[in-house]
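# Close look at the chain arrangement
What follows is the residue order along each chain.
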Amino acid sequence: MSTATGTAQDTAEVREAAAQRRTFAVISHPDAGKSTLTEALALHAAAITSAGAVHGKGDRRGVTSDWMSMEQDRGISITSAALRITYDDCVLNLLDTPGHADFSEDTYRVLSAVDCAIMLLDSAKGLEPQTLKLFEVCRARGVPVVTFVNKWDRPGREPLELLDEVEQQIGLRPTPLNWPVGIAGDFRGLIHRASGAYTKLHRTPGGATRAQEEHLSAEQAAAVEEVAWDQAQEELALLEEIGAEYDPETFRAGISSPLLFGAALPNFGVAQLLRTLVDLAPAAEARLDTSGEPRPVDAPFSGQVFKMQANMDKAHRDRMAFLRVCSGRFERGMVLTHATTDRPFATKYTQAVFGSERSTIETAYPGDVIALVNASALRVGDTLYDGPKVQFPPIPSFAPEHFAVARAKDTRTDKQFRRGIAQLDSEGVVQVLSSDVRGEQAPVLAAVGPLQFDVVRGRMEQEFNAPVELSPLDYSIARRTDAASAPTLHSLSGAEVLTRRQDSELLVLVHNKWRLKVIQRDHPELTMEALLAGG
Ligand code: G4P
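Residues numbered from 1 in each chain as written. Predicted model: local features only at pLDDT ≥ 70, side-chain atom pairs only at ≥ 80, totals over all residues.

### Describing the overall build of the protein
How we decide: Labels follow the DSSP assignment, with helices taken as runs of H or I lasting at least four residues and strands as runs of E lasting at least two, numbered in each case from the N terminus. Any residue whose C-beta has 12 or fewer other C-beta atoms within 10 Å is treated as exposed, any with 20 or more as buried, and any in between as partly exposed, C-beta atoms being built from the backbone. For the purpose of contact definition, each residue receives a C-beta atom placed from its backbone, and two residues are in contact when these atoms lie within 7 Å.
If you tally the helices and strands in the protein, you get 14 helices and 31 strands. For the protein, buried positions account for 48% of its 535 residues. Once local pairs closer than 6 in sequence are excluded, the contacts in the protein between residues at least 24 apart make up 69%.

Printed below as a string of structure tokens:
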């Protein structure tokens, strides 16, 4: 049987390891520089040796996942995994979020496994739609947010204007930790607000290596930067007047956000971001179980599956569960209990995965992410534990906005079709809805973003040998309803009631928000509850 963390020495070790963990994700709009920042963070921490290794542009080797040819064709990352960066006695676990403009539930689920998020803004664009959506998920889950204003080396907006936008649009109070000298596009360097130290930027062509940084005293800086320095000082005085100081309590509560200016491409300001994560971001802490009780980090092992992925490696046809360690020490080979079924779960094959890079993992601590291979018994949200039983609350499904009827292109593949759809449903690739009217052979697939349908098409063909035809439906809203309201709703035009297979919830699909309003006005007695906002 497995080894529960029991001795005083063991629990002290786990507590120490948890205190060293920073588990976070970057939320941004495509093109804001997430891949570049990821690479710069890893580069600074010397996890990888040459720039480009994460990004995979040109002929440089990429560690961005390439498990599906479709992904390569489009140059997008559909998979999510974790990059581990060791920095100054801390282990930073950077969970990757899919970077495409299109949404999938994966992105949201990743945010259920982090303790902190970096909100990455393009200095010229400020808050963009995808950033806003992801920020709302962070807010709903109480995830504290550090803001990084990127691309300051390019023409952009006024720094004070950007702060104002963040505060006005999303009600998050920015507390700048550094301040730029030189306007966006004529970036000279950064003042570290707490110490007043000035770091001058010296560019390196192409940004392939770390930018040269020069540390100057205030007098030296004033002499070198002249007007730009004076302007920065004026702005700093203004910040002090309005009281935009870092405040740990409001940061933890998601009310304020430490903010940094920088440029990921020339790797400038990235070291400060790493320091901010180490010094200010929350460590792995006790997580609440289904009864609202905190599971202390030094309790026996527990973890929650936040992502399932199949067939990452064509040669292996495997099915992986990504699990965040919530408490205790994980040791490869432990036999855990699957909280949903109370059955044992062996962990002989466990890996750390980032993109196509895999290495076997032997031990892991709270905040770490492990990939369990051949995990066909597991589903998103499941708990695995050792010692006394614990179960973590389910990870909510998001409100789908895209719907399509799936049919097997060839009726002879009926069995494979059903097996494939059931499999994709259990992985949470899409939500599968059905009704007596539509029948087993024509389930409705519901997605947060249409890219999820492409994944279904690709996998049904390649993995299950059952090519599908997807016919889009003219609905854009799903609401939860009940058995009493279902018959009336179903009889109305522009609405249809179906059952969500994964949890047997009754959902009513409606054409658009106008139709929804009319139905609600005419039938106030009918149940139509909003699902968790996904898009
Ligand atoms: P993403 O993952 O968020 O989608 O963004 P990615 O890192 O791919 O960056 C998008 C583009 O922005 C890239 O240009 C990248 O080099 C550039 N970029 C990122 N950070 C900075 C920065 O700090 N300064 C400047 N000047 N550029 C930055 P690209 O790959 O060359 O794309 P393209 O310009 O060829 O379209």
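### Digging into helix α11 (residues 414-427)
Note the following rule: To estimate the expected span of a helix, subtract one from its residue number and multiply by 1.5 Å. Arc, as used here, means the arc of the directions from the helix axis to the C-beta atoms.
Its 14 residues place the ends of α11 20 Å apart at the C-alpha level, agreeing with the 20 Å of an ideal helix rising 1.5 Å per residue. Within α11, the full set of buried residues consists of Phe417, Gly420, Ile421, Leu424 and Glu427. Projected onto a plane normal to the axis of α11, the buried residues spread over an arc of 130° and lie on a single side. Just downstream of α11, Gly428 is the residue with a positive phi angle, here 80°.

### Some points on the packing of helix α2 (residues 34-44) against helix α10 (residues 270-280)
As a reminder of what qualifies: Note on definitions: angles span 0 to 180 degrees between N-to-C directions of axes, and those axes are lines fitted to C-alpha atoms, for helices only across the stretch in contact. Every angle not falling under 35 degrees, over 145, or within 65 to 115 is termed oblique; those three ranges are roughly parallel, roughly antiparallel and roughly perpendicular. Only Asp, Glu, Lys and Arg are considered charged, only Ala, Val, Leu, Ile, Met, Phe, Trp, Tyr, Cys and Pro nonpolar, and every remaining residue, Gly among them, polar.
The geometry of α2 relative to α10 is characterised by a closest axis approach of 9 Å and an angle of 80° between their N-to-C directions. In terms of axis orientation, α2 runs roughly perpendicular to α10. Facing α2, whose interface residues are Ala40, Leu41 and His44, α10 presents Val270, Ala271, Leu273 and Leu274. Residues belonging to the contact of α2 with α10 are distributed by class as follows: six nonpolar, one polar and no charged.

### Section: the site of the ligand
We apply this condition: Each residue receives a C-beta atom built from its backbone; the residue is near a molecule or strand if that atom lies within 6 Å of it.
By nearness alone, 17 residues border the ligand, and Gly33, Ser35, Thr36, Ala263 and Leu265 come closest of all. In terms of residue count, α2 provides more of the shell around the ligand than any other element does, three residues in total. Residues belonging to the shell around the ligand are distributed by class as follows: five nonpolar, six polar and six charged.

### A few points about the nonpolar core
Test applied: The term nonpolar core refers to a set of buried Ala, Val, Leu, Ile, Met, Phe, Trp, Tyr and Cys residues connected through C-beta atoms within 7 Å.
By size, the foremost hydrophobic cluster in this structure holds 138 residues, and its most contacted members are Val114, Ala117, Leu445 and Leu509. Ignoring any residue separated from it by four or fewer positions in sequence, one finds Ala117 in contact with Phe24, Ala25, Ile27, Leu111, Cys138, Val143 and Val145.

### A closer look at the pairing of strand β17 (residues 335-338)
Spelled out, the test is: By this definition, two strands are paired if DSSP reports at least two bridges between them.
Two strands pair when backbone bridges link them, and β17 and strand β18 (residues 343-346) are joined in this way by four bridges, in the antiparallel orientation. Bridging from a neighbouring strand, His338 pairs with Arg343 of β18. The antiparallel pairing of β17 with β18 creates a hairpin that spans four residues between the two strands, and Asp342 there sits at a positive phi of about 60°. Sheet analysis places β17 next to strand β23 (residues 383-385), joined by two bridges and oriented antiparallel. Within the sheet, the bridge partner assigned to His338 lies in β23 and is Leu384.

### A look at α2
Of all 11 residues in α2, 10 are buried; the element is thus mostly enclosed. Within α2, burial applies to Lys34, Ser35, Thr36, Leu37, Thr38, Glu39, Ala40, Leu41, Ala42 and Leu43. Against the buried residues of α2 lie β1 (21-28), β2 (82-87), β3 (90-95), β4 (116-122), β5 (145-150) and α10.

### Brief notes about the UniProt feature "binding site: GTP" (unreviewed entry) in the protein
Applicable threshold: UniProt positions are given in the numbering used here, feature names are shortened, and annotations may be inferred rather than shown by experiment.
Taking the numbering used here, the UniProt-annotated feature "binding site: GTP" (unreviewed entry) corresponds to Asp96, Thr97, Pro98, Gly99 and His100. Here Asp96 lies in the loop between β3 and α4 (105-110). A count of 26 C-beta atoms within 10 Å places Asp96 in the buried class. Residue placement: Thr97 occurs in the loop between β3 and α4.

### Digging into the sheet that holds strand β27 (residues 468-472)
Here we have eight strands laid out as an open sheet, ordered β27-β24-β26-β25-β29-β30-β28-β31, and antiparallel in their pairing. Since the sheet does not close on itself, it has two edges, and those belong to β27 and β31 (529-530), each with one partner. The sheet strands contacting α11 are β24 (402-408), β25 (431-434) and β27, and the helix crosses β24 at an angle near 150°. Against the sheet, helix α12 (residues 451-462) touches β24, β26 (444-447) and β27, its axis set at about 160° to β27.

### Remarks on the sheet that holds strand β10 (residues 212-216)
In space, the four strands of this open sheet follow the order β7-β8-β9-β10, with antiparallel pairing throughout. What marks the edges here is a single partner per strand, and that holds for β7 (178-181) and β10. Adjacent strand axes in the sheet meet at a mean angle of 25° when their direction is disregarded. Looking at chain direction, β7 and strand β8 (residues 189-192) are connected through four bridges and run antiparallel. Bridge pairing links Asn178 to His192 in β8. This element, helix α7 (residues 218-225), spans β7, β9 (198-202) and β10 of the sheet and lies at about 115° to β10.

### Topic: unusual backbone geometry
Its identity as a non-glycine residue notwithstanding, Lys151 has a phi of 65°, on the positive side. The topology assignment puts Lys151 in the loop between β5 and α6 (159-170). Looking at Lys151, the number of C-beta atoms within 10 Å reads 26, which means it is buried. One non-glycine residue, Asn465, lies in positive phi territory at about 50°. Examined against the element boundaries, Asn465 turns out to sit in the loop between α12 and β27.

### Digging into the environment of Glu293
Here Glu293 is to be found in the loop between β12 (287-288) and β13 (294-295). A residue is classified by how many C-beta atoms lie within 10 Å of it, and Glu293, with 11 of them, is exposed. Glu293 sits 99 residues away from Phe392 along the chain, and the two C-alpha atoms are 9.7 Å apart.

### Some points on the confidence of the model for the protein
Filter applied, for reference: pLDDT is defined as a per-residue confidence score from the predictor, taking values between 0 and 100.
On average, residues of the protein carry a pLDDT of 85, and 85% of them reach 70 or more. Scored below 50 in pLDDT, residues 1-5 makes 17 contacts in the model with residues more than four places away or belonging to other chains. Overall, residues 47-80 carries pLDDT values under 50, and its contacts beyond four positions in sequence, including any with other chains, amount to 74 contacts.

### Thoughts on the environment of Leu172
Secondary-structure assignment places Leu172 in the loop between α6 and β6 (173-176). According to the C-beta neighbour criterion, Leu172 is buried, with 23 such atoms within 10 Å. Sequence-distant contacts of Leu172, defined by excluding residues within four places in its chain, comprise Val145, Val166, Glu167, Ser256 and Ser257.

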